[in-house]
Amino acid sequence: MSFYLNFYLHYLVLLGSSSGVTTYGPQQRAQKTGDILLGGLFPIHFGVASKDQDLAARPEATECVRYNFRGFRWLQAMIFAIEEINNSSTLLPNVTLGYRIFDTCNTVSKALEASLSFVAQNKIESLNLDEFCNCTGNIPSTIAVVGASGSAVSTAVADLVGLFYIPQISYASSSRLLSNKNQYKSFMRTISTDEYQAIAMAAVIDHFQWNWVIAIGSDDEYGRPGIEKFENEMLQRDICIDLNVLISQYLDEAEIVRLADRIENSTAKVIAVFASGPDVEPLVKEMVRRNVTDRVWIASEAWAISSLVAKPEYLDVMGGTIGFALQAGQIPGFKEFLQQVHPKKSAHNEFVQEFWEETFNCYLEDSLRKVDSENGSTSFRPLCTGEEDITTVETPYLDYTHLRISYNVYIAVYAIAEALQNILTCTPGRGLFANGSCADIRKVEAWQVLKQLRHLKFQNSMGERVRFDESSELSANYTIINWHRSPEDGSVVFEEVGYYIVHGKKGAKLSIDKTKILWNGYTTEVPFSNCSDDCEAGTRKGIIEGKPTCCFECTECSDGEYSDHKDASVCTKCPNNSWSTGNHTSCFLKEIEFLSWSEPFGIALALFAVLGVLLTSFVMAVFVQFRNTPIVKASNRELSYLLLFSLICCFSSSLVFIGEPQDWTCRLRQPAFGISFVLCISCILVKTNRVLLVFEAKIPTSLHRKWWGMNLQFLLVFLFTFVQVMICVVWLYNAPPASYRNYDIDEIIFITCNEGSMMALGFLIGYTCLLAAVCFFFAFKSRKLPENFTEAKFITFSMLIFFIVWISFVPAYFSTYGKFVSAVEVIAILASSFSLLACIFFNKVYIILFKPSRNTIEEVRSSTAAHSFKAAAKATLRQSSASRKRSSSVGGSSASSPSSSISLKTNGNETATPPQRRSQRQRVSFEGGTVNLSLSFEETRENSVKL
């Protein structure tokens, strides 16, 4: 490559020496000599004429077509800045800046042709061309280049001038690819990268809540990276792209037609275009021809104010376009400078002639276009008089109200001048080069200027601090504009409607005044550009299989979820203490429920519990009042008191289950219930078992009387109850119950008790049931004992009820929820307590109060005597049967019949006649009196029973 480059430079030098003037690069230029030379690249034309080069003859140079008035104004901004610096007494005094400015025609080939002239002098010293010509002084050195405009052009230029470390400062190339300093070492720019613009475009689309758009980019280094970044931003914001295409100003007409068909058939109404004016113009023309007016165009800064597209005749289709423009700057004196342009006053600027001719649609006397017109190659134009007034013609050239790119050019030139000023004023030992040395301003080289530019800081004409960042670019903000039609003359007006601050705080970067926007040129209603209609509040977006995420169906929120705004992606779950309304647009507080004192069910249970307490207290009062009567004495008076007290505790424990559960009530209620019932069952068990042992004892001894004294009875009750107390203590220590709010039920919060350990609760109820089962066994076995003593039948029946209740309780407890859990346990407690109270005591109270004739000693004696007679008869029969068996075995004993005699002594009064022969006598202490039970068996047939 170096060989070909050297060969081309040889060619340029020889070509220049043969003509005797410095004509390197394209012939048409703006050029002025100086001590230091700056290069410039500007798109004076929008493109080149398309020709079919069949190479039948020497190829001709391509012709630039379509004059660019804005490009010429940018060129004028560079010249104005250089002349302003040359006239300054403080900036670069005694140093004159020159310039060589070329037209790139917005193409890479023309730009490279001009760029080769910039690098020629920088390379001439290594070519050793003295034998061919005396080149010294004929080829000026270019130490910096201002340009180019398009990113594709700047990329090609940067590849070339970067080889020689010539600083290149672009004023409009915003491709993010140019931020790669490894590839583009000497490239700098006074415009922000397109990465920020792509983010800003996506932010605008998101701001108006569009999610279905068309993305179009130019097929070059500007459009491809820009549209790629735009797609990534859209993806992050969940915005879908229906159509994504690349365009170029060189597309065939058929391709433009096909693209317009796809756009017209798309349901997306927003078109984001990342392209330059020349590239987007053919598509806009086709859309105008079709009169497609229901689209919103989003324009990047490269064509947002382009005169090729922003035409009054296009406003019916393009009106309402939202565009991004660079923030405008102020250049004092620039307006007057633009108005002073004239062919006779611009000897150093060859572009002025064509500008004059294009502005006034005429030909100057010495113009080549006059010859072409006479030959019929172009349309007829009159000669220019030279007296035309440029201020009377409206062109983009004099649109100096919003200087954007022109101001960037102005800043670029001043940046170079400030870098040279720093070199000029450098103090040896404090410079940027080796050992703190400084460069010589008279022999300054391009790489030295590049070094100085990278460390440059200065203040511009607007008082702003200018500094290139690590990517060698200036950060800038964007102005958002809206295309309006002027009511005066129908021209295009760029109305500022907002701004985007690149490095602003999150949420404050974008600002848009919607009231200033006219959509489609006439309406203030924001257009709709979504794949699906908005989902109303109370619904969410549901995915449609095979469709982009932006195409969805509206699905109603599930129960317990809500959405309070349109087009919700997901439904929000209501807080635990809330539930969704019927239309799922909001949440309301759940109703809090527990077994309350104020509700009818709670009141009824409480009344039953209180009734149980009152009835039990009444029974206890009756027993205390009639404590010396035979019925009370026969019922084991002291244990009966304890039993009645335990029943009061049972009824009272049910009240703890009513009301809002608190931690202390949750820890109290199960132990209170369990201990109360165990105490109750223990009393019944001891009482029943004692009488059973009395009546079934074969040989009453003092040991029986000792073991079944009152102290032992209470000791057994205590021991049985103590086991339950220990179960409760271990439970409360290891897994104490606590209040718990159950949010699982729709619309209701149930406040219940978390029992902590269901195993502990099982042990508590299981132990109670175990005692009840033992009690049932003894009661069943005692069912034929005298009723006045234990009412064993009623105890058996009460135990059956107890088992039925608690066996039913287990499935009911685990199948219910909320307040009904407590209600089930309260009902079980009350049912068990009432069954025990009724079965054991109601019959006795009835006798005491309503049948006092049965509450006598005689009644008790007769009951006891009857049972004793039955027992003695059974014993006599068993003895007689045994005797006959023995007689039969010895073979001849005479038969004998037993005779029994029963003698009872109660309270020391003996009433029985002693039999002739006693075989057994039993004495058992019972209650406060003494009962003597005598059974005798005789060989005679007589038997008598005396009471």
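Structure shown above.
Residues numbered from 1 in each chain as written. Predicted model: local features only at pLDDT ≥ 70, side-chain atom pairs only at ≥ 80, totals over all residues. Heavy atoms only, no water.

## Here we look at empty space enclosed by the protein
Counted under the stated rule, the structure contains 1 cavity of 30 Å³ or more. Taken as a whole, the largest cavity holds about 40 Å³ of empty space. If you go around the largest cavity, the residues you meet are F594, L595, F657, G659, P661, R669, I751, T752, G818, K819 and S822. Sorting the residues of the lining of the largest cavity by element identifies β27 (748–754) and α24 (819–850) as the ones contributing at least two each. Classifying every residue of the lining of the largest cavity by side-chain character gives 5 nonpolar, 4 polar and 2 charged. (1 Å grid on protein atoms, 1.4 Å probe; cavity = no way out; pocket = protein on both sides within 12 Å on 5 of 7 lines; lining within 4 Å. Points joined across faces, edges and corners; volume = space filled by probe spheres on them. Helix = DSSP H or I, 4+ residues; strand = E, 2+ residues; numbered from the N terminus. Nonpolar A, V, L, I, M, F, W, Y, C, P; charged D, E, K, R; others polar.)

## Looking at the sheet that holds strand β7 (residues 168–170)
Across a sheet, paired strands are connected by hydrogen bonds in the backbone, their directions being either parallel or antiparallel. Strand order in the open sheet formed by 6 strands is β1-β5-β2-β6-β7-β8, and the pairing between neighbours is mixed. In this open sheet, the two edge strands, each paired with only one partner strand, are β1 (29–32) and β8 (187–189). The sheet shows a mean angle of 20° between the axes of neighbouring strands, taken without regard to direction. Alignment of β1 against strand β5 (residues 97–103), held across 4 bridges, turns out to be antiparallel. Note that in β5 the partner of K32 across the bridge is Y99. Of the strands in this sheet, β1, β2 (36–42), β5 and β6 (142–146) touch helix α2 (residues 69–86), which is tilted by about 175° from β5. Here helix α4 (residues 151–161) sits on the sheet and contacts β2, β7 and β8; the angle it forms with β7, its principal contact strand, is near 165°. (Pairing = 2+ DSSP bridges. Axes fitted to C-alpha atoms, helices over the stretch in contact; angles between N-to-C directions. Contact = heavy atoms within 4.5 Å.)

## Some words on unusual backbone geometry
Omega for the peptide link from G147 to A148 comes to 0°, which places this bond in the cis form. Its place among the elements puts A148 in the loop between β6 and α4.

## A short note on the packing of helix α17 (residues 637–655) against α24
For any two helices packed against each other, one specifies the inter-axial angle together with the distance between the axes. Closest axis-to-axis distance for the α17/α24 pair is 9 Å, and the angle between their directions is 155°. Classified by the angle between their axes, α17 and α24 sit roughly antiparallel to one another. Handedness of the α17/α24 crossing: left-handed. Contacts between α17 and α24 involve S640, L643, L644, L647, C650, F651, S653 and S654 on the former and, on the latter, V826, I829, L830, S833, F834, L836, L837, I840 and F841. By residue class, the composition of the contact of α17 with α24 is 13 nonpolar, 4 polar and no charged. (Parallel < 35°, antiparallel > 145°, perpendicular 65-115°, else oblique. Left-handed = near helix turned anticlockwise from the far one by under 90°.)

Keep in mind these numbers describe shape, not what the thing actually does.
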